[in-house]
Structures are given as structure tokens and as C-alpha cells.
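Okay, here's what each chain looks like letter by letter:
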Amino acid sequence: MPMKSDLRFSLPTPAQCGEMDRKASETIGISALMDRAGWAVAQAIRARFAPCRVLVLCGPGNNGGDGYVAARYLERAGWSVQVAPLAPPREGSAAFGAAAQYRGRITDFAPENARRADLVIDAVFGAGLDRPPAPEVVAVLSAARTLVAIDLPSTVNGTTGAALVEGPDYRMSVTFVRPKPGHILYPGREICGELICADIGMPEVCLEAAGPTIWLNGPGLWHVPAMSPEDHKYRRGVVSICAGQVMPGATRLAAAGARASGAGLVRISAGEGAAAYCLGAPGLVIDDGPLKTLLEDERRRVWLCGPGLTEPEVAASLPLLLASERIVLADAGALGWAGSEPEKLRGVSVITPHIGEFTRLFGAPGDDLVAAAREAAQRIGAVVVLKGAVSVIVSPDGRVALNDHASPALATAGSGDTLAGVIATMLAAGMAPWEAACAGVWLHGEAGMRAGNWPIVEALDAHLGDARAKAIALACEI
Ligand SMILES: NC(=O)C1=CN([C@@H]2O[C@H](COP(=O)(O)OP(=O)(O)OC[C@H]3O[C@@H](n4cnc5c(N)ncnc54)[C@H](OP(=O)(O)O)[C@@H]3O)[C@@H](O)[C@H]2O)[C@H](O)CC1
Ligand SMILES: [K+]
């Protein structure tokens, strides 16, 4: 598990937030936290909007409680405020106390009132949303011209980011303590609008007690080895890549990604197709010997199998790699070779499917990408990197990192081959599989951001070294 110091990367689920709140109620008290939460919402709104007519939609739980507090602070700042309760808070609850302290105007929970307001604050449901909201609730939210969510939009599942119903988009969402997975995963991410995370003084022990297992990917969650005066190519790590005879481009891209991200040595095992790889890239070593012989070299621990390979080529290489207990990253052709029998991949360390490849292997993931990727990782005992706009990186032990450090520039053919090469380099540098996968995905994303507009995939390579240096520097700062 990531350590206590890594809590700053945690993305607690709503269920874990419930646990956190229970723990907090034993120490600091929910009312104090609610007051800070509502104040933070009012401050975020005052910083972004000119005074205007505000309607606060309040549900029966603590999310509604935050709404009453925000209403009180906005009114105190001279704004025109009305509260529309969906249902009253439970007597004796913190939200009940917050509602009692709000002495301003109350109106009906109705679409026409939402339509009349300049700004509508959604404090209907937050972490407690556990089923689709009723159509009457959605109708009121949809009538708003500008919407701000407290914690989460009342239509979004905070664990999965799924939209429980079709609803409106928000200008901004103000959450507390840490973002939730639903703020990061699509479509939730898009529905939320600008995301603000306010520090409300939640004691760290409470967050720790919640036991988060999902993390926002970034340097500090893992550490990439830095350059050292004692380095030599074997210490930096050897990446070996199985090459095919028909599609050399993918293999070459993977090799280039591996070299550009700092591998000590990259070797391509090309067998009879060696001639296709000998042109250009003089720093690459091309082997034409049989794989069995190459595997006698124990320094060649890390192997990449799949980019540019046909299924027969995978069949001729992957079982041998597994039998010789190498650290294997399987991608592309290797995933196709496994078809709908993912158990054939048992023994590999990391797989890197996009959603189509994942679906062929394990079936459609449905709305809960994290749960599906977790099940897949357990099933084959390997780290699963489910690639997408937000990539989900899952260890068989249940750790999950969500990577939003990426750019749409990466959505181009060959980008996955480069990524496979980068992850292989991290493995060859001695990183554990989940950490290597997290680091590789982040470096790839960073390179995409640095590569400017509409880069061709080869352009990523020029930025991978600086991306690695940045990751090292950022991890040291933390
Ligand atoms: N984590 C923190 O740091 C703090 C968070 N705060 C805020 O608290 C909410 C979570 O509060 P909670 O009371 O647990 O949950 P909600 O207010 O989101 O919702 C619970 C109530 O809503 C009902 N509910 C849920 N879904 C529906 C639905 N689809 N239709 C109708 N009613 C629904 C639920 O009813 P049940 O019948 O299921 O019991 C509850 O009545 C968090 O989001 C933050 O905003 C605190 O301020 C403290 C700090
Ligand atoms: K809400």
C-alpha cells in the first residue's frame, strides 16, 4: 500500500468519506466541518461570480447542511439568497443545526424558482447519493442557468463518475478534503466543471481511517530512479523487445520510447526479420538469434511482447518468455493472441489494453472502470493499465491509480507503443510493476503535454527525458 505520507494523493470513495465523517464525529465534530465546508463554498462563489440572485437547493443530508451554511455566508456578504429544501434534515443532525441557523428566505423546490435565479447551488445530494435522483429533482437542476455543485453534482456517482441520469453540466464543483474518484473519471469529470478542493481541516487520522485505495497518479506516489555517477547500461536497465516481420513500425516506436525514457540498453529480438530493423537508430541492438538462446542472458530480465506482432509471432515468443520467468509487459498483439481467454496471460507483470482490447479479453467493463479493471488484475495476477482519457492503473493487490496527467495529443496511432516502451524502461530500472506502470503513464502524459499541438507520435520521444527529470524533481519536493 502507499504510505501514510501518500494520503495527499488519495481519492476516497463516498463510502470511505462516510467512514471519515464517522471518525471525524468522534473528534472535531461534523458541525465544525460543515461550517468550514459551507464557508469554502461561499468563498469559491464570491471569488468567481459578481453578487447575484442565488437559489440554494438543499437535500435532507449533510450535503444539504453545507448548502444552508453557504446560504448563510452568502447572505451575510450581502447577496440575494433563497433556499429551496427538497426535504427537511433529520432532527438532531448537523444539517438540522445548520438549517436552524439559516434565517433567510425559503422557497419551493420548483423549476420556476431555479429558472429565476442567476446562480443555483446544488446541495441536494453529495456523497450519500446511492440511487438515481427522481425526475422532479433533475427537472429543477436542469432549469438552472448556472449551476454550482457542493461536493458532487446530484446526478453523478462519486465512486465511478457515471451519470446516474441524464442531467445538466455544472460550472463548478466545490469538494472537500480530497477529490473523489467520480470527480476524476469521465463523464463525472466533465459534468463537474471546474473542480475546487477546499481544505476544511479534516484531521489526517480520519482520512487514514477511511482506508483509501484509489490514488491520483503523480510523482511522489512512486519514485523514478535518478541518474547516478555509478550508472552503467545494465544498472540503468536492459529492455528487450520481441519484434515481428510484418509490422516493424510499432516495435520501433516502442524501442524509441524505451530509449528516450532512459533505458540503459534496448535490444530488439528480430530473428529472421533482423534486416528490417538494422537501418537507422544505431544505438539499438538487433539480435537475429533464436529467442531461446537470447534468454540464456540473465541480464535481459525485462521483455516487451506484443507491439507489431502477429498472433503466430506471439505464440512463438510469449510462452517462452513466461517459461523463463521474465518480467513481461504484454500489449497489442499479445492481448489479441489471448483472445477472450485472459488466463493465457498469467505470468506477465503488466498488460496495457485500451478499452477495445480490454473488452475482448474480459468483457465490457460497464460504468465502473475501476471495479472492472480490479477484477481483471486479480483474474490474471498482473497490473492492468486500462488506457483512456483517464487511464486506470490497477495492481492485483487492489491498489488503483487514476491518471489525468495526459493530453488529447496522445490520441494518435503508435502512442500506445511508445507508452509500452516507457513502462518497460521503468521495469528495467528496477521499479515494481504497479509503480513502473504509474510512472510510465505519467511520463507519457507529460511528454504529450510538452509536445505542442497535433504532434506526430515520434515527437513524444524528444520530451521523455525532460519528463523523467521533472518527475524526479517533483518527487523530491514532496
Ligand atoms: N467528507 C467531508 O469532509 C464532509 C462532508 N460533508 C458533506 O456531507 C455530505 C455527505 O452527507 P450525507 O448525509 O452522508 O449524504 P448526502 O447529504 O449526500 O445524502 C444523504 C441523504 O440523501 C438521501 N438520498 C440519497 N440518494 C437519494 C436519492 N437518489 N433520492 C432521494 N434521496 C436520496 C438519503 O436518503 P436515504 O433514504 O438513502 O437515507 C439521505 O437522506 C458530503 O457530500 C458533503 O457535502 C459534511 O459537511 C462534513 C464534511
Ligand atoms: K450536490
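Everything numeric here is computed off the predicted structure, so don't read it as measured data.

Chemist: Go over the packing of helix α11 (residues 248-260) against helix α19 (residues 461-477), please, and point to the residues and values.
Modeler: Their axes nearest at 8 Å, the elements α11 and α19 cross at an angle of 30 degrees. Here α11 and α19 pass one another in a crossing that is right-handed. On α19, the residues that touch A256, G257 and A260 of α11 are D461, L464 and G465. Of the residues assigned to the contact of α11 with α19, the class counts are three nonpolar, two polar and one charged.

Chemist: Tell me what's going on with the site of ligand 1, and back it up with residues and numbers.
Modeler: In the region of ligand 1, 23 residues are neighbours, and D66, G126, A127, R131 and D151 sit closest. N62 is positioned such that a nitrogen or oxygen atom in its backbone is 2.9 Å from an oxygen atom of ligand 1. For ligand 1, a nitrogen atom lies 3.4 Å from a polar atom in the side chain of D130. Starting from 950 Å² of accessible surface for ligand 1 in isolation, the protein chains cover 77%.

Chemist: Break down the coordination of the potassium ion (ligand 2) for me, citing the residues and quoting the values.
Modeler: The protein atoms that coordinate the potassium ion (ligand 2) are N63 (OD1), D122 (O), F125 (O), I150 (O) and L152 (O), at distances of 2.5 to 2.9 Å. The sequence motif formed by the donor residues of the potassium ion (ligand 2) is N-x58-D-x2-F-x24-I-x1-L. Of this pair, D122 sits in strand β4 (residues 119-123) while I150 sits in strand β5 (residues 147-150); the two residues are 28 residues apart in sequence, bridging distant segments of the chain. The exposure class assigned to D122 is buried, which follows from its relative accessible area of 0%.

Chemist: Could you give an account of the pairing of strand β1 (residues 53-58), with specific residues and numbers?
Modeler: With five of six residues buried, β1 is to be regarded as a mostly interior element. This β-α-β element, β1 to helix α3 (residues 62-76) to strand β2 (residues 80-85), shows right-handed connectivity. Of the strand pairs in this sheet, β1 and β4 are connected by five bridges, and their pairing is parallel. The residue bridging V56 from the neighbouring strand is I121, located in β4.

Conventions used here
- Residues numbered from 1 in each chain as written.
- Chains lettered and ligands numbered in written order.
- Predicted model: local features only at pLDDT ≥ 70, side-chain atom pairs only at ≥ 80, totals over all residues.
- Heavy atoms only, no water.
- Axes fitted to C-alpha atoms, helices over the stretch in contact; angles between N-to-C directions.
- Helix = DSSP H or I, 4+ residues; strand = E, 2+ residues; numbered from the N terminus.
- Left-handed = near helix turned anticlockwise from the far one by under 90°.
- Contact = heavy atoms within 4.5 Å.
- Nonpolar A, V, L, I, M, F, W, Y, C, P; charged D, E, K, R; others polar.
- Near = heavy atom within 4 Å.
- Polar contact = N/O pair within 3.5 Å; in protein donor to acceptor, adjacent residues only side chain to side chain.
- Areas by Shrake-Rupley, 256 points an atom, 1.4 Å probe, with all protein chains shown as cover.
- Donors = N, O, S within 2.8 Å, 3.2 Å for Na, K, Ca; no water.
- Buried < 20%, exposed > 50% of the residue type's maximum accessible area, 1.4 Å probe, protein only.
- Right-handed = clockwise from strand over helix to strand, strands pointing away.
- Pairing = 2+ DSSP bridges.

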